[in-house]
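A closer look at the structure
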Amino acid sequence: MPQITSHPQRIALHNEIHARPPEAMTGPLAISHMVMLADGPQREASRAHIAALLRDHHLPLPDAKSTHIRMDMGGWRLRWEMHTEFVTWSFSRPIDVAGFGEREPLIAADSAPRDWFDKLPGECLAALNLWVLPANSMEDPSLVKHVLKEETLVASTVADGHGEVYTDFTIHPDGYSRMVLLAGSVTPRRLGRLVQQLVEIDTYRMAALLGLPAAREASGVLGYAERELAELAGAIRVAGSHEEPQLLDRLTKLAGEVESQYAATHSRFSASAAYFELVDRRIADIGESRLAGLQTIGEFMERRLSPARATCEWATRRQDALSQRVSRISNLLRTRVEIEQQQSSQALLATMNTRQGLQLKMQATVESLSVAAITYYIVGLVSYVAKGAHAVGWPFSPETTAAVAIPFVALGAWWSMRRLHNRVFGE
């Protein structure tokens, strides 16, 4: 085979389509899913944290570039994934469904060492307990009573009718939200995909809502900036030329505040928009349909997430519109200042031209006086020379010689001055 040079990222990019694949699952299962917001150092601390757990269990350690790990811990399984803004931890273990609705259900996260679990790096954004049960488990109404809040129950059939999912989107006293999946004739691989999609709906829902506090905070800043811009626009219409520098300074400061606030929130709003889209896709992926008398997950999300999504989108549009308005008014004011500066420059040039004309006239007068003065001094020298020459036989008197020399000297002086003038001014 001929050898070709591969791109340095070829293998990584090719394997991206296989990143974070769903696991094949067989119920009944208890699953605990944690979403921990983490910055750069905390993500590295998260990798070290899972390495410490694997080391304690004498299991292979992750390498420095691992972004997802799946490991059988003996009686329970651990799944760890590193994302751009957060790290997810998923714990799962088999459970016995006998008496499930009669006591507090088993929590998969309790399988992890308590001291280790309590030190998960980052801040918890979402925590979900999901139970995968046989299809007939909801025949006993006590399941809803003991696991979910019946007054806020949301449910639908999923996987084209092969399963049912129940949740209440409520944080329970243990700090977790809860979801129950009744799996009928669902293959293990499809069940794994379905569980991952349900978990990601809860994860991306919370990640998308991170933009809401930023949008609410930005609303106050944008309101002030819009009022300030309106005042500036009104002031610019009636301002005199002496007021324009102060207005331009205020407008420049306002533009700086708007752009600073835009830079601080734009990435958050963009991320929220992407997470909202992911929620929509995951809801579409689970293939849900209505159960009699209950809201579907899609309907619940549409009603409850739409205001938050609209708030984030409106904040983004207000930022863009305000930035464009500030730019337009800044350009108008700068254009006005530049026109006035050009008018001032033209007036100054006209004044300079007038002065230059006067200087040329004065220079012409001075040149005439200079010719007379030069002629006077040169004729004086000629007179002295003529006196000496007359003493040795020069036939003309010094006075006659001086008188005859005056026109020639004056003409020579005038010609020399004109030549110098032409050389300097290019005339």
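Before going into details, it helps to say that this report is about the structure given with it. As the structure is a prediction and not an experimental result, all values here were calculated from the model. (Residues numbered from 1 in each chain as written. Predicted model: local features only at pLDDT ≥ 70, side-chain atom pairs only at ≥ 80, totals over all residues. Heavy atoms only, no water.)

1. Some points on the overall build of the protein chain
If you tally the helices and strands in the protein chain, you get nine helices and nine strands. Each of the 427 residues in the protein chain was classed as buried or not, and the buried ones make up 39%. A total accessible area of about 24,700 Å² is found for the protein chain, and carbon and sulfur atoms account for 58% of it. (Helix = DSSP H or I, 4+ residues; strand = E, 2+ residues; numbered from the N terminus. Buried < 20%, exposed > 50% of the residue type's maximum accessible area, 1.4 Å probe, protein only. Areas by Shrake-Rupley, 256 points an atom, 1.4 Å probe, with all protein chains shown as cover.)

2. A short note on a nonpolar patch on the surface
A contiguous nonpolar patch, built from Leu348, Leu349 and Met352 and spanning about 300 Å² of accessible area, is present on the exposed surface. Within the fold, leucine 349 resides in helix 8 (residues 297-391). (Patch = residues over 30% accessible without salt bridge, like charges linked within 9 Å, V, L, I, M, F, W, Y side chains within 5 Å. Salt bridge = Lys/Arg side-chain N within 4 Å of Asp/Glu carboxyl O.)

3. Structural notes on the pattern of salt bridges
Applying the stated criterion across every chain, the model contains 19 salt bridges. Arginine 309 is paired through a salt bridge with aspartate 280; the nearest N and O atoms lie 2.9 Å apart. Here arginine 309 is found in helix 8, whereas its partner aspartate 280 is found in helix 7 (residues 244-285), with 29 residues between them in sequence.

4. A short note on the nonpolar core
Core analysis: the biggest nonpolar cluster contains 40 residues, and Val132, Leu181, Leu191, Val195, Leu198 and Ile297 have the highest contact counts within it. Contributing elements (two or more residues each) for this core: strand 1 (29-37), strand 5 (123-134), strand 6 (154-158), strand 8 (177-183), helix 5 (188-208), helix 7 and helix 8. If one sorts the elements of this core by residue count, helix 5 sits on top with nine residues. Ignoring sequence-local partners within four residues, the contact set of leucine 191 consists of Met25, Thr26, Gly27, Val132, Leu181, Ala183 and Val186. Formed by 37 residues, the second largest nonpolar core is a distinct cluster that contains Trp131, Leu133, Leu153 and Tyr166. (Core = buried A, V, L, I, M, F, W, Y, C linked by side-chain atoms within 4.5 Å. Contact = heavy atoms within 4.5 Å.)

5. Observations regarding helix 5
Here helix 5 spans 30 Å end to end across 21 residues, near enough to the 30 Å set by a 1.5 Å rise per residue. Most of helix 5 sits out of view: 16 of its 21 residues are buried. (Expected span 1.5 Å × (residues − 1).)

6. Considerations on the pairing of strand 3 (residues 77-82)
Among the six residues that make up strand 3, five are buried, leaving the element largely enclosed by the rest of the structure. Looking at chain direction, strand 2 (residues 68-72) and strand 3 are connected through five bridges and run antiparallel. Bridging across to strand 3, isoleucine 69 finds its partner in tryptophan 80. Turn length for the strand 2-strand 3 hairpin, with the two strands adjacent in sequence and antiparallel, is four residues, and the turn residue glycine 74 shows positive phi of about 85°. Where strand 3 meets strand 4 (residues 86-94), six bridges bridge the pair, whose relative direction is antiparallel. Bridging from a neighbouring strand, tryptophan 80 pairs with tryptophan 89 of strand 4. Between the end of strand 3 and the start of strand 4, which pair antiparallel, lie three residues. (Pairing = 2+ DSSP bridges.)

7. So, the sheet that holds strand 8
Sheet strands pair by backbone hydrogen bonding; their relative direction is either parallel or antiparallel. Overall, mixed pairing links the nine strands, which are arranged 2-3-4-1-5-8-7-6-9 in an open sheet. Of all strands in the sheet, those bounded by a partner on one side alone are strand 2 and strand 9 (289-290). Sitting on the sheet, helix 5 touches strand 1, strand 3, strand 4, strand 5, strand 6, strand 7 (163-167) and strand 8, and the angle it makes with strand 5 is about 150°. (Axes fitted to C-alpha atoms, helices over the stretch in contact; angles between N-to-C directions.)

8. Comments concerning the packing of helix 5 against helix 7
Where helix 5 meets helix 7, the closest approach of the two axes is 8 Å, and the angle between their N-to-C directions is 155°. One way to sum up the angle between helix 5 and helix 7 is to call them roughly antiparallel. Considering how the two elements wind past one another, helix 5 and helix 7 form a crossing that is left-handed. From helix 5, Gln197, Glu200, Ile201, Tyr204, Arg205, Ala207 and Ala208 reach across to helix 7, where they touch Arg268, Ser272, Tyr275, Phe276, Leu278, Val279, Arg282, Ile283 and Asp285. The residue makeup of the contact of helix 5 with helix 7, split by class, is nine nonpolar, two polar and five charged. (Parallel < 35°, antiparallel > 145°, perpendicular 65-115°, else oblique. Left-handed = near helix turned anticlockwise from the far one by under 90°. Nonpolar A, V, L, I, M, F, W, Y, C, P; charged D, E, K, R; others polar.)

9. Observations regarding the pairing of strand 7
For strand 7, the tally of buried residues reaches four of five residues, placing the bulk of the element in the interior. The pairing of strand 6 with strand 7 spans five bridges and is antiparallel. Within strand 7, the position partnered with serine 156 by the bridge is valine 165. Following strand 6, the chain reverses through four residues before pairing antiparallel with strand 7; alanine 159 in that reversal takes a positive phi of roughly 55°.

10. Examining the packing of helix 6 (residues 211-238) against helix 7
Closest axis-to-axis distance for the helix 6/helix 7 pair is 10 Å, and the angle between their directions is 155°. Taken together, the axes of helix 6 and helix 7 are roughly antiparallel relative to one another. Regarding helix 6 and helix 7, the two cross each other, and that crossing is left-handed. Across the contact of helix 6 with helix 7, the residue classes break down as 16 nonpolar, three polar and five charged.

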